Every structure is written in C-alpha cells, then in structure tokens.
Amino acid sequence: MPGPPAPAGGNLIAPAPTGAGPSTTGASRTAMTKSFSDLMRELRAAIREVHPLEVDDLIGAGSAAAIVDVREAEEWEQGHIPGAVHVSKSYLEQDIESAVPDRTRPVILYCAQGVRSLFAAETLQEMGYADVASMSGGFLQWKAMGLPWTTPVVLTDDQKRRYSRHLLIPEVGAEGQKRLLESRVLVVGAGGLGSPAALYLAAAGVGTIGIVDFDVVDVSNLQRQVLHTTDRVGTKKTTSAAATINALNPDVAVVGHEDVLGPDNVERLIAGYDVILDGTDTFETRYVLNDAAVAAAIPVVHASVFRFEGQLSVFNPPGGPCYRCLYPTPPPPELAPGCSVAGVLGVVPGIMGLLQANEVLKLLLGIGDTLAGRLLLFDALDASFTELTLRRDSACPVCSEAAVEARKAGRPLAIAAPAGPADAGVFTLGGPGLEPATPAAAAPLPAAAPPEVRT
C-alpha cells in the first residue's frame with residue numbers, strides 16, 4: 001500500500017519512503033494481531049526519523065521546524081531541548097493544534113528514547129500534519145551526546161493550579177509565569193485607576209507590587225476604588241490595598257510607600273521597579289514621575305479619566321514619546337477639574353485601569369504591541385475607542401536625543417515652568433506629533449483629550 005503523502009517541496013524534513021511496509025492505520029491494526037516489534041517496524045517504515053545531530057543543526061540554523069516534546073510533565077521538568085514546546089502524548093490530539101496551528105509547518109517530535117515520538121508522529125499524520133518526523137534515540141541520546149539542554153521553570157503545585165490558565169497559553173507558559181512572579185511593578189495611586197489594575201496584576205502573579213499613596217480611605221472612594229471596603233474607611237490606602245491583594249494572592253509581596261511623590265523622593269520611590277503604572281491625579285506629579293522614569297529607563301503606563309471618558313498610553317522612550325510629548329504644557333484648571341468637582345462614572349476608571357494592567361503584562365512578558373506611540377481614547381456613552389498616533393517631540397526637553405545627551409553630560413536641559421495665571425489660556429495637546437491613527441479617526445478630539453483629573 002502507498003505510504004503517507006509526501007511533504008510539499010522545500011520542507012526541512014525528508015518525506016517518508018513509500019511502499020516500505022504495510023499501513024499502520026487504526027483499521028489495519030485492529031484487523032490482525034501484531035507484536036510490539038511488528039508495530040515498531042511498520043512505524044519506522046512509515047515515519048521519517050532524524051538524528052539528534054540533525055535536529056541540533058536545524059535549531060542552530062534557525063529552522064522553522066517546531067520541536068515538540070511529547071514526554072509527560074514530570075519528565076519535561078527534569079530537562080528538555082532549548083526552544084522545544086511541551087505537548088504530552090497523553091493530550092496530543094487535544095493540545096497540538098494550539099502549540100502548532102499550522103499543519104504545513106515541519107514538526108519534529110521527541111520523547112525519552114524515540115518510541116513514543118514515533119506513535120505521536122503517526123497521530124499527527126492522521127490529523128493532517130504534512131511534514132512530521134521523530135528524533136531517534138530521544139532525549140536520552142541527545143543528553144548522552146553532550147548537546148545543549150535546559151531545565152524548565154518549576155512552579156509549585158499550588159502555583160500550577162492558581163495560574164493554570166496562563167500555563168495553557170503558549171505566549172505565557174511556565175517561563176512567562178515565572179517572569180511575572182519575579183517582576184516588580186510600582187502603582188502610583190491606589191485610587192480609581194490603581195485599584196482595578198493592582199487587583200489584576202496581583203491575580204496574574206506579579207511578584208512585587210509597590211503602592212504609592214499618602215491618603216486614607218474615604219467613603220466617597222468606594223464608588224470606584226475597588227481595593228477598599230466600607231470597614232476600612234479611615235484606614236491608610238496602602239494598608240487597605242495590601243490587605244486586599246494579600247487576601248487575593250499570597251504569592252504577591254506588597255510594598256507600601258506612604259509618601260507624596262515629588263522631586264525630592266521620586267528617584268528613590270521608582271528605583272528597582274520594572275514598570276510604573278501611573279494612577280496619579282495632578283499634572284505636577286505626572287511631570288515629575290515622567291521625567292524621573294525617562295531618566296531611569298522605566299516604562300510608564302498612563303491613564304486618566306473624565307466623567308464618561310478616558311485615555312491611555314505607554315511612555316517608553318526611545319521606543320516612543322514621553323508624557324511631555326503629549327502634554328508640553330498643562331491645561332488650565334478649568335479644563336482639568338478633579339472628579340470631586342466634575343464627577344466620574346465609577347466603571348470608567350475600572351475599564352481604563354484594566355487596560356493599564358493589560359499593557360503592564362505585555363511589557364513584562366515581552367509580547368504583543370504596546371500602546372507606545374499611540375493614544376487610546378475611550379467613550380463610555382457610545383462604547384467607542386479612538387486611536388491617535390503620538391510621535392516623539394524632537395525638541396522635548398526630557399526624551400529627545402538632545403535631552404538624553406545633555407543628561408549624560410551632566411547638564412540636563414531646562415524645562416519651562418508651568419503656565420501662570422497670565423498664561424492660563426495657553427494649552428498645547430500633543431505638540432507636533434499627535435495625529436489620527438487612521439482617516440476614520442480624523443474627527444475632533446472628544447472631551448477626554450485633556451482628562452488629567454483626580455480619580
């Protein structure tokens with residue numbers, strides 16, 4: 001009988017020989033009694049085997065082939081080939097499509113000694129994978145030949161259960177979860193934005209969350225600041241936040257900073273953190289935070305809200321602009337009232353805070369496209385999002401190339417003082433670099449364009 005169809009031209013794995021033995025389909029095997037030796041002989045006739053040295057050469061050459069380890073989880077945890085993905089043979093049919101969705105992509109399977117991988121390769125052929133091979137000798141031969149191998153991140157049993165949905169995602173997995181557990185995020189402001197963001201960062205397993213807030217819980221906060229509860233009215237917000245986060249996830253270390261962030265302490269407060277989540281409530285504080293973060297090369301995920309609207313961006317020079325590129329000058333007070341004056345729909349900071357948490361996780365995991373260089377505007381009344389392109393200001397006194405060189409030389413550029421009462425009508429949004437991301441977005445900016453308000 002003819003063997004399986006030959007792979008398409010240009011495949012990295014040679015096609016299995018045809019006419020080399022009887023079919024190994026499930027129907028033929030149930031039609032007669034066969035020994036293990038019979039099965040192995042038929043599989044080796046139908047499945048292409050590759051030597052560990054060939055696999056090592058393919059990896060070194062940057063091959064597009066997917067290397068799939070089909071051993072059980074406890075075997076994988078004892079070591080595996082670098083760059084391999086783990087799909088246990090027990091769950092192969094169920095999970096392989098998530099790990100290798102492209103059935104035309106070359107696939108090399110390996111197990112401990114090259115037996116299970118042959119059976120797994122047959123299964124993949126039956127599922128329509130066109131270019132499948134098994135590594136002869138398996139992982140034991142790979143190690144015996146002195147080829148490189150690595151030990152994966154090992155989570156505790158409790159962590160495997162807690163983060164099980166993350167572990168199923170190829171872009172996260174155990175390595176990504178370990179990275180989250182080792183990460184440090186500073187949340188500046190435990191209010192309407194910081195509350196939902198901190199909760200979801202804690203739930204995701206971010207190992208250390210710093211909370212900067214000098215205030216105490218007020219009953220009026222509870223309409224939107226979900227870190228806090230009625231019985232904690234009058235309690236310091238850092239204390240309340242730590243209690244909520246620790247109750248949700250004991251893996252997380254909460255570091256409270258009961259400080260008013262300002263020029264004198266900002267460098268100390270942000271030192272050692274991987275990402276800063278900006279939930280601050282004044283222009284002065286945002287400028288101070290931005291300038292220190294740019295100098296320290298720490299990305300800032302910024303959001304703000306106004307009544308039914310919000311905005312979001314990531315400031316991560318030199319990969320994009322900084323906050324001063326968006327707001328070269330602060331708006332007059334009447335354009336940026338606090339929510340105690342203007343009000344805010346409670347769910348809006350919740351939505352924007354969760355979007356901030358999403359951007360933080362992408363930065364920590366190194367996945368996806370962040371909002372660096374983009375300004376996202378949200379309108380809750382019509383549930384619409386508008387995206388604007390934000391470019392670096394070549395004359396920015398903080399993030400421009402001239403500003404960077406000046407700091408290196410110990411002579412930072414002077415920054416213009418905020419407008420005084422005589423200049424209250426002067427306000428610039430986005431400098432020269434703000435423009436619609438698409439023609440469809442070329443509409444007048446909504447009221448949320450300058451929503452730098454207290455949350």
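Relevant structure appears above.
Predicted model, so just to flag it, every value in this text is computed and none were measured.

**Student:** Mind laying out helix α17 (residues 347–365), listing which residues take part and the relevant values?
**Tutor:** Helical geometry note: an α-helix holds 3.6 residues per turn, so side chains three or four residues apart project in the same direction. The end-to-end C-alpha distance of α17, which contains 19 residues, comes to 27 Å, matching closely the 27 Å that a straight helix rising 1.5 Å per residue would cover. Once α17 ends, the next one or two residues include Gly366, with phi positive near 70 degrees.

**Student:** Describe in detail the pattern of salt bridges, supporting the description with residues and values.
**Tutor:** Scanning the model with the defined rule gives 17 salt bridges in all. When the shortest N-O distance is used, the salt bridge between Glu42 and Lys34 registers 2.8 Å. Pair check on accessibility: Glu42 and Lys34 agree, each one buried. In this structure, Glu97 and Arg103 form a salt bridge, with 2.5 Å as the shortest nitrogen-oxygen distance. Residue Glu97 is classed as partly exposed on the basis of its relative accessible area, which comes to 37%.

**Student:** Explain the sheet that holds strand β3 (residues 85–86) residue by residue, including any values.
**Tutor:** In space, the five strands of this open sheet follow the order β1-β5-β4-β2-β3, with parallel pairing throughout. The outermost strands of the open sheet, each flanked by one partner alone, are β1 (48–50) and β3. Across three bridges, β1 lies against strand β5 (residues 132–135) in parallel orientation. Note that in β5 the partner of Val50 across the bridge is Met135.

**Student:** Could you give an account of the packing of aromatic side chains, naming the residues involved and the relevant values?
**Tutor:** Inspection of every chain in the model, using the stated rule, returns nine aromatic pairs. Pairing Phe283 with Tyr327 gives two aromatic rings, centres 5.3 Å apart and planes at 80 degrees, and the pair type is edge-to-face. Taken together, the residues span a long stretch of sequence, with Phe283 in helix α14 (residues 283–296) and Tyr327 in the loop between α15 (323–326) and α16 (339–342) at a distance of 44 residues. Across the pair, Tyr327 and Phe283 agree in class, each one buried. Measuring from ring centre to ring centre gives 4.8 Å for Phe378 and Phe385, while their planes differ by 35 degrees; the resulting arrangement is tilted. The buried category is assigned to Phe378, whose relative accessible area is 6%. Each member of the aromatic cluster is reached from another via a ring pair, and the members are Phe283, Tyr287, Phe315, Tyr323 and Tyr327. For the cation-ring pair, Lys143 lies above Trp149, with the distance from its terminal atom to the ring centre recorded as 4.4 Å. Sitting over the ring of Tyr273, Arg184 keeps its end group 4.7 Å from the ring centre.

**Student:** Give me the lowdown on empty space enclosed by the protein, citing residues and values where you can.
**Tutor:** Inspection of every chain in the model, using the stated rule, returns one cavity of 30 Å³ or more. By volume, the largest cavity is sized at about 30 Å³. Sort the elements by how many residues they give to the lining of the largest cavity and α14 lands first, with three residues. Taken together, the residues of the lining of the largest cavity break down into four nonpolar, one polar and two charged.

**Student:** Describe the layout of surface pockets, with residues and values.
**Tutor:** When its volume is computed, the largest pocket comes out at roughly 1200 Å³. Going through the elements one at a time, α4 (73–76), β3, α5 (92–99), α9 (164–167) and α10 (173–181) are the ones with two or more residues in the lining of the largest pocket. Residue composition of the lining of the largest pocket, by class: 17 nonpolar, eight polar and five charged.

**Student:** An account of the nonpolar core is requested, with residue identities and associated values reported.
**Tutor:** Among the nonpolar cores identified, the biggest contains 38 residues, and Leu201, Ile209, Ile211, Met352 and Val360 are the most heavily contacted of them. By residue number, the principal contributor to this core is α17, which donates seven residues. When sequence neighbours within four positions are dropped, the list of residues in contact with Met352 reads Leu193, Ala303, Val305, Gly310, Gln311, Leu312 and Phe378. Formed by 26 residues, the second largest nonpolar core is a distinct cluster that contains Leu186, Leu269, Phe315 and Leu390.

**Student:** Any chance you could break down the packing of helix α11 (residues 194–204) against helix α12 (residues 237–248) for me, citing the residues and the numbers?
**Tutor:** Viewed as axis vectors pointing N to C, α11 and α12 meet at an angle of 30 degrees, and their least axial separation amounts to 9 Å. One element, α11, and the other, α12, form an angle in the roughly parallel class. Both α11 and α12 take part in a crossing whose hand is right-handed. Residues Ala198, Leu199, Ala202 and Ala203 of α11 form the contact with α12, whose own contacting residues are Thr244, Ile245 and Leu248. Partitioned by chemical class, the residues of the contact of α11 with α12 number six nonpolar, one polar and no charged.

**Student:** Explain unusual backbone geometry to me, and be specific about the residues and the numbers.
**Tutor:** The peptide bond linking Pro317 to Pro318 adopts the cis configuration, its omega dihedral lying at 5 degrees. Inspection of the secondary structure assignment puts Pro318 in the loop between β11 (309–315) and α15. Even without glycine at this site, Ala297 takes up a positive phi of about 60 degrees. Within the element layout of this structure, Ala297 appears in the loop between α14 and β10 (300–306). One non-glycine residue, Ala383, adopts positive backbone phi at about 50 degrees. Tracing the backbone through its elements, the reader meets Ala383 in the loop between β12 (374–379) and β13 (384–390). Judged by relative accessible area, which is 58%, Ala383 ranks as exposed.

**Student:** Break down the side chain of His80 for me, with residues and values.
**Tutor:** Summarising the element assignment, His80 is placed in the loop between α4 and β3. By relative accessible area, which is 6% here, His80 ends up buried. In this structure His80 touches Asp69, Arg71, Tyr110, Phe139, Trp149, Thr150 and Pro152, once residues within four positions along its chain are discounted.

**Student:** Account for the environment of Ala253, with residues named and values stated.
**Tutor:** With respect to the helices, strands and loops of the structure, Ala253 is situated in strand β8 (residues 253–257). Overall, the relative accessible area of 37% leaves Ala253 in the partly exposed class. Along the sequence, Ala253 and Ala202 sit 51 residues apart, while their C-alpha atoms lie 9.2 Å from each other. For Ala253, the contacting residues outside a window of four places in its chain are Gly207, Thr208 and Ile209.

The rules behind these values
Residues numbered from 1 in each chain as written. Predicted model: local features only at pLDDT ≥ 70, side-chain atom pairs only at ≥ 80, totals over all residues. Heavy atoms only, no water. Helix = DSSP H or I, 4+ residues; strand = E, 2+ residues; numbered from the N terminus. Expected span 1.5 Å × (residues − 1). Salt bridge = Lys/Arg side-chain N within 4 Å of Asp/Glu carboxyl O. Buried < 20%, exposed > 50% of the residue type's maximum accessible area, 1.4 Å probe, protein only. Pairing = 2+ DSSP bridges. Phe/Tyr/Trp six-rings, centres within 6.5 Å; stacked < 30°, edge-to-face > 60°. Lys NZ or Arg CZ within 6 Å of the ring centre and 35° of its normal. 1 Å grid on protein atoms, 1.4 Å probe; cavity = no way out; pocket = protein on both sides within 12 Å on 5 of 7 lines; lining within 4 Å. Points joined across faces, edges and corners; volume = space filled by probe spheres on them. Nonpolar A, V, L, I, M, F, W, Y, C, P; charged D, E, K, R; others polar. Core = buried A, V, L, I, M, F, W, Y, C linked by side-chain atoms within 4.5 Å. Contact = heavy atoms within 4.5 Å. Axes fitted to C-alpha atoms, helices over the stretch in contact; angles between N-to-C directions. Parallel < 35°, antiparallel > 145°, perpendicular 65-115°, else oblique. Left-handed = near helix turned anticlockwise from the far one by under 90°.

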